[in-house]
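As a plain string of letters, each chain reads:
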Amino acid sequence: MDRQLLLSKLKTIVASYSHDKDALEYLNETTDFTKDLKINSANLVDVVLDVEEEFDIEIDNLSMERMLNVSAAIEIIETKLKEK
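Bear in mind the structure is a predicted one, so any value in this text is a computation, not a measurement. Every residue gets a number counted from 1 within its own chain, in the order that chain's sequence is written. For this predicted model, a pLDDT threshold of at least 70 governs which residues receive local features, and a threshold of 80 or more governs which side-chain atom pairs are given and counted, while totals over whole chains, interfaces and linings are taken from all residues. Heavy atoms throughout the structure, all of them, feed into the side-chain values; hydrogens and water do not.

Secondary structure counts use DSSP, requiring at least four H or I residues in a row for a helix and at least two E residues in a row for a strand, with both numbered from the N terminus. Within the protein chain, the regular secondary structure consists of five helices and zero strands. Helices (α) and strands (β) of the protein chain occur, in sequence order from the N terminus, as α-α-α-α-α. Radius of gyration means the value over C-alpha atoms here, while the globule rule gives 2.2 Å times the residue count to the 0.38 power. Taken over C-alpha atoms, the radius of gyration comes to 12 Å for the protein chain, in line with the 12 Å a tight globule of 84 residues would show. When its C-alpha atoms are laid out on the principal axes, the protein chain stretches across 35 × 25 × 20 Å. With a 1.4 Å probe rolled over the protein chains alone, any residue whose accessible area is under 20% of its type maximum counts as buried; one over 50% counts as exposed, and the rest are partly exposed. A total of 84 residues make up the protein chain; the buried ones form 40% of that total. Working rule for contacts: check all heavy atoms of both residues, and any pair within 4.5 Å makes them a contact. Long-range pairs, those at least 24 residues apart, make up 50% of the contacts in the protein chain with a sequence separation of at least 6. As displayed, the protein chain offers around 5,000 Å² of accessible surface, 49% of which is attributable to carbon and sulfur atoms. Only four residue types enter the tally: Lys and Arg on the positive side, Asp and Glu on the negative side, with His and both chain ends excluded. A charge is said to be at NZ when it belongs to Lys, at CZ for Arg, at CG for Asp and at CD for Glu. Computing the positive centroid from 10 side-chain charges and the negative centroid from 19, the protein chain places the two 3 Å apart. Here the open area of atoms and residues is found with the Shrake-Rupley method and a 1.4 Å probe, where only the protein chains shown may cover a residue.

Spelled out as structure tokens, the structure:
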């Protein structure tokens, strides 16, 4: 799957959890979920669950701990999609 498409789908997922709509507008691969988008740790779990559902993948705990920014999320999603 194309990285831009992944980025677009990820932006849609995190939109409902982001507390900084201006930062969401400029979401890119360097965007940090907690620092830039102000998503708290409880909502990060919701983001992971939504990602799993959207892409029909399973994200293990180790990968979940690494999923702190957009770049890491895209890499994890790409890896999990290749494993399918």
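Still more to cover.
For the rest of this paragraph, the subject is the nonpolar core. Core analysis: the biggest nonpolar cluster contains 24 residues, and Leu10, Val14, Phe33 and Val51 have the highest contact counts within it. When contributions to this core are tallied by element, the ones reaching two or more residues are α1 (3-15), α3 (41-55) and α5 (70-83). If near-sequence neighbours (up to four positions away) are discounted, leucine 10 is found in contact with Phe33, Val51, Val70, Ala73, Ile74 and Ile77. Within this scheme, the nonpolar core is defined by two criteria: the residues are buried Ala, Val, Leu, Ile, Met, Phe, Trp, Tyr or Cys, and they are joined through side-chain atoms within 4.5 Å.

Moving on, we come to the packing of α1 against α3. Taken N-terminus to C-terminus, the directions of α1 and α3 make an angle of 135 degrees; their axes are 10 Å apart at the nearest point. With respect to α3, the element α1 is oriented oblique. You can see that α1 and α3 cross each other, and the crossing is right-handed. Touching Leu6, Lys9, Leu10, Ile13 and Val14 of α1 are Val47, Asp50, Val51, Glu54 and Phe55, all from α3. Residue classes in the contact of α1 with α3 are distributed as seven nonpolar, no polar and three charged. All axes here are fitted lines through C-alpha atoms, helices being fitted over the stretch that makes contact, and every angle between N-to-C directions spans 0 to 180 degrees. These descriptions rest on fixed angle ranges, namely under 35 degrees for roughly parallel, over 145 for roughly antiparallel, 65 to 115 for roughly perpendicular, and the rest for oblique. By definition, any crossing whose near helix is turned counterclockwise from its far helix by less than a right angle is left-handed, and any crossing with a clockwise turn is right-handed. Just so you know the grouping, Ala, Val, Leu, Ile, Met, Phe, Trp, Tyr, Cys and Pro go in nonpolar, Asp, Glu, Lys and Arg go in charged, and all remaining residues, Gly too, go in polar.

Now for α5. Helix length check: α5 (14 residues) gives 20 Å between terminal C-alpha atoms against 20 Å at 1.5 Å per residue, within 8%. Structurally, α5 contributes buried residues whose contacts are with α1, α3 and α4 (61-66). Whenever two N or O atoms come within 3.5 Å, that pair is a polar contact, provided that in protein one can donate a hydrogen and the other can accept it, and provided that, for residues adjacent in sequence, both atoms are side-chain atoms. Near the N-terminus of α5, the side chain that reaches the backbone nitrogen of serine 71, with its oxygen 3.2 Å away, is that of asparagine 69. Here, expected helix span is obtained from the residue count minus one, scaled by 1.5 Å.

Okay, α1 next. Counted at 1.5 Å a residue, the expected span for α1 with its 13 residues is 18 Å, and the 18 Å between its end C-alpha atoms agrees. Taken residue by residue, α1 has Leu6, Leu7, Leu10, Ile13 and Val14 as its buried positions. Projection of α1 onto a plane perpendicular to its axis shows the buried side chains occupying an angular sector of 125 degrees, all on one side. Projecting away from the buried face of α1 at angles above 90 degrees are the exposed residues Gln4 and Thr12. Buried positions along α1 lie against α2 (21-25), α3 and α5. Think of the arc as the fan of directions from the helix axis to the C-beta atoms.

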